[in-house]
Amino acid sequence: MKLLLLEDDDLLAESLAETLGDEGYRVDMASHIRAAEALIQSEEYVLVILDLGLPDGSGLDLLERWRKKGLSLPILALTARDTWEDKVAGLRRGADDYLTKPFYEEELLARLHALLRRQHGNTGKILTVSGIHLDEHQQRVSKDGTTWQSLTATEFRLLRFLMHYPDRVHSKQHLLNQLYALDQDAAAPNLVEVYIGRLRRRLGKDFIETRRGQGYLLAST
């Protein structure tokens, strides 16, 4: 799943992007509001990590502007200001959660996972859709809840995205956009077919449905 990270501290941004990548997320990075505004209009993200102290404007103003425009994505705000008044202001203007710098990356990951679970109505540690159980922390999958198979990084990213949005038809290009960040080399569309085939071999050929001329979606139980 693809995240937008708006952070002007290059060292912190690179470190977070690497950590998030290890967790199976694809990360697009921006250090200025103008770049973030362009990305949020052209790309599809599942969550935004937003530093409130930016060189070209107020992160709080940007947050409030996005919410007024109808942006409903979960937003995790980062800031060096730690008074309760600052936290309340951030939450009132549209942040879903608030993290004060410096922080442990493990805490950021825990808060991020919690936001995504709540967004999709999944309060447990295991994501379950159509009889398939996905352990997002161990990056493994099970059909019966007892026999687990480890997934490759790309298999995990693809399956997790499909399971988080099980009622949508996803085109090949849309899935590629979620699997690869903008700064990575463009992958061939048939790569999606390869990984769909691998997941079907693991979970059953009928688990993922093909809609001719449209894309893929999870088959209903």
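Please refer to the structure higher up on the page.
Residues numbered from 1 in each chain as written. Predicted model: local features only at pLDDT ≥ 70, side-chain atom pairs only at ≥ 80, totals over all residues. Heavy atoms only, no water.

A. Fine view of unusual backbone geometry. Omega for the peptide link from Lys101 to Pro102 comes to -10°, which places this bond in the cis form. Locating Pro102 in the fold gives a position in the loop between strand S7 (97-100) and helix H5 (105-119). Non-glycine residue Ser130 carries a positive phi angle of around 50°. Along the chain, the position of Ser130 falls in the loop between strand S8 (126-129) and strand S9 (132-135). For Gln139, which is not glycine, the phi torsion reads 55° and is therefore positive. Within the element layout of this structure, Gln139 appears in the loop between S9 and strand S10 (140-142). On the basis of relative accessible area, Gln139 is assigned to the buried category, the value being 16%. (Helix = DSSP H or I, 4+ residues; strand = E, 2+ residues; numbered from the N terminus. Buried < 20%, exposed > 50% of the residue type's maximum accessible area, 1.4 Å probe, protein only.)

B. Main features of the sheet that holds strand S6 (residues 75-79). Judged by pairing direction, the sheet is parallel, and its 5 strands sit side by side in the order S2-S1-S3-S6-S7 without closing on themselves. Strand pairing shows two members of the sheet lacking a second neighbour, strand S2 (26-30) and S7, which therefore form its edges. Mean inter-strand twist for the sheet, computed between neighbouring axes without regard to direction, equals 20°. (Pairing = 2+ DSSP bridges. Axes fitted to C-alpha atoms, helices over the stretch in contact; angles between N-to-C directions.)

C. Examining the sheet that holds strand S11 (residues 148-150) more closely. A sheet is described by the order of its strands in space; here 4 strands give the open sequence S8-S9-S10-S11, paired in antiparallel fashion. Because the sheet does not close on itself, it has two edges, and the strands there are S8 and S11. Strand after strand, the sheet turns through a mean of 25° between neighbouring axes, direction not considered. With 4 bridges joining them, S8 and S9 adopt antiparallel strand pairing.

D. Quick look at a negative patch on the surface. Together, Asp8, Asp9, Asp10, Glu14, Glu18, Asp22 and Asp56 make up a region of like negative charge exposed at the surface. Relative accessible area serves as the criterion here: at 32%, Asp8 is assigned to the partly exposed category. (Patch = residues over 30% accessible without salt bridge, like charges linked within 9 Å, V, L, I, M, F, W, Y side chains within 5 Å. Areas by Shrake-Rupley, 256 points an atom, 1.4 Å probe, with all protein chains shown as cover. Salt bridge = Lys/Arg side-chain N within 4 Å of Asp/Glu carboxyl O. Lys, Arg positive; Asp, Glu negative; His and termini not counted. Charge placed at Lys NZ, Arg CZ, Asp CG, Glu CD.)

E. The packing of helix H2 (residues 33-42) against helix H3 (residues 59-68), seen in detail. It is the contact of H2 with H3, at a shortest axis distance of 12 Å, that shows an interaxial angle of 20°. In terms of orientation, H2 and H3 fall into the roughly parallel class. Here H2 and H3 pass one another in a crossing that is right-handed. Note on element contacts: H3 touches H2 through Leu62, Arg65 and Trp66, opposite Ile33, Ala36, Glu37 and Ile40. Partitioned by chemical class, the residues of the contact of H2 with H3 number 5 nonpolar, no polar and 2 charged. (Parallel < 35°, antiparallel > 145°, perpendicular 65-115°, else oblique. Left-handed = near helix turned anticlockwise from the far one by under 90°. Contact = heavy atoms within 4.5 Å. Nonpolar A, V, L, I, M, F, W, Y, C, P; charged D, E, K, R; others polar.)

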